[in-house]
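Residues per chain, in single letters:
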Amino acid sequence: MNSVFPDSARTGAELSVDAATSQPGWRAAALAALYEADPLAKSGAVSALYALAQGGAARGDTHWHAEQTLSAPGDLPGRPARPDLVEPRSLQRRSMSTPQGRVVLLHALAHIEFNAINLALDAVWRFPDMPADFYADWLKVAAEEAYHFSLLVKRLADYGHAYGDFPAHNGLWEMCERTSGDVLARMALVPRVLEARGLDASPPIRARLKQAGDDESAAILDIILHDEVGHVRIGNHWFRHLCAQRGLDPHAAWLELAAQYHAPKMRGPFNFEARRSAGFDDAELETLKAQGGDGDAEK
Ligand SMILES: [Fe+2]
Ligand SMILES: [Fe+2]
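Residues numbered from 1 in each chain as written. Chains lettered and ligands numbered in written order. Predicted model: local features only at pLDDT ≥ 70, side-chain atom pairs only at ≥ 80, totals over all residues.

Colleague: How would you sum up the overall build of the protein? Please name residues and give values.
Modeller: Secondary structure summary: the protein contains 11 helices and zero strands in total. Overall, the protein shows an N-to-C arrangement of helices and strands of α-α-α-α-α-α-α-α-α-α-α. Taking all 299 residues of the protein together, the buried fraction comes to 44%. (Helix = DSSP H or I, 4+ residues; strand = E, 2+ residues; numbered from the N terminus. Buried ≥ 20, exposed ≤ 12 C-beta atoms within 10 Å, placed from the backbone.)

Colleague: Can you tell me about unusual backbone geometry, naming the residues and giving the values?
Modeller: The amide bond that connects Arg82 to the next residue, Pro83, takes the cis arrangement and shows omega of 15°. Looking at the element boundaries, Pro83 is found in the loop between helix H3 (39-58) and helix H4 (99-126). Positive phi, close to 55°, is recorded for His65, a residue that is not glycine. Counting through the fold element by element, His65 comes out in the loop between H3 and H4. The backbone of Asp129 sits at a positive phi, close to 65°, despite the residue not being glycine. Here Asp129 lies in the loop between H4 and helix H5 (132-158).

Colleague: Would you mind going over the nonpolar core in detail, with residue names and values included?
Modeller: Of all hydrophobic cores here, the largest spans 71 residues; its most connected members are Ala30, Leu49, Ala120, Val124, Leu139 and Ala142. Looking at this core, the elements that each hand over two or more residues are helix H2 (26-35), H3, H4, H5, helix H6 (171-178), helix H7 (183-211), helix H8 (215-246) and helix H9 (250-260). Element by element, the count of residues in this core is highest for H4, at 15 residues. Among all residues touching Leu49, those that are not within four sequence positions of it are Trp26, Ala29, Ala30, Ala33 and Leu139. Counting seven residues, the second-largest nonpolar core is a separate cluster that includes Ala196, Leu199, Val229 and Phe280. (Core = buried A, V, L, I, M, F, W, Y, C linked by C-beta atoms within 7 Å. Contact = placed C-beta atoms within 7 Å.)

Colleague: Please give an account of the packing of H2 against H4 that cites residues and values.
Modeller: The N-to-C vectors of H2 and H4 enclose an angle of 150°; their axes lie 8 Å apart at closest approach. Relative to H4, H2 is oriented roughly antiparallel. Regarding H2 and H4, the two cross each other, and that crossing is left-handed. Touching Arg27, Ala28, Ala30, Leu31, Ala33 and Leu34 of H2 are Asn118, Leu121, Asp122, Val124 and Trp125, all from H4. (Axes fitted to C-alpha atoms, helices over the stretch in contact; angles between N-to-C directions. Parallel < 35°, antiparallel > 145°, perpendicular 65-115°, else oblique. Left-handed = near helix turned anticlockwise from the far one by under 90°.)

Colleague: Can you lay out the environment of Trp125 for me, pointing to particular residues and giving the numbers?
Modeller: Summarising the element assignment, Trp125 is placed in helix H4. Distance from Trp125 to Tyr135, taken between C-alpha atoms, is 8.1 Å for residues 10 residues apart in sequence. Every residue in contact with Trp125, bar those within four places of it in the chain, is listed here: Arg27, Ala28, Ala30, Leu31, Leu34 and Leu70.

Colleague: Which residues make up the packing of H7 against H8, and what values go with them?
Modeller: The interhelical angle for the contact between H7 and H8, taken along N-to-C directions, is 160°, at an axis separation of 8 Å. Viewed along their axes, H7 and H8 adopt a mutual orientation that is roughly antiparallel. In this structure, the crossing between H7 and H8 has a hand that is left-handed. Within the contact of H7 with H8, the residues separate by chemical class into 20 nonpolar, six polar and seven charged. (Nonpolar A, V, L, I, M, F, W, Y, C, P; charged D, E, K, R; others polar.)

Written as structure tokens, this is what we have:
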């Protein structure tokens, strides 16, 4: 696994070499995967690390090195030269009733999943002193995001396109950077806001794909929505865990963090059913309803 470390990641890697096995610790390996620019190689590194960690956990032999603070010199994340990253408002929107419109949509979703791999890997390497289950949870998320990315790239190929063919925006990674100094803020704002917005967005997009007769793409959306409920649930679990550890009331802490980190305004319609399955409680769902998200997201 040493070979996956680019030169710029050496500091992080060397810090975490396991004395017994001479292999880098798993959080350092997650950092190495985050540096990887090629999406296929990144996905491969994530799958290999996930299999390694699952096998290790089954044997009671884990190498997260939670006590280590890793450093990440150079630019993160590794990403391919394309897509071009542009301002969100300059991105084109097209009707999903045309093949070209669906390709643009599938590409945008693939870009979200590529970012989601990076976001989950970042949670694994960046935050020391968390329980082993925290790292295992986020590595599992990274592996599922890599799977989602692969499904969308395959579907794009059916349409004669590849990831990188259209411009994209960098909003997801920007929130990751903004919350890099505090794991509580990360849990509050990335899974519970950005990933949760995906739960809301999915049903109307799926309905339009179905309407256009693209059942295959709609089926991919079903897989993604199912898994994303789990990701948001993981975010809720660790957000509450950290609030309890710090003696904070989760509702008050959330309001404070949302203001401090400029959380994007929540806009309905919300997918209340999925949000409930993902662990948002009655008070949180009521707050969303009060914010004008009365109607359920279209099924
Ligand atoms: Fe995903
Ligand atoms: Fe996700």
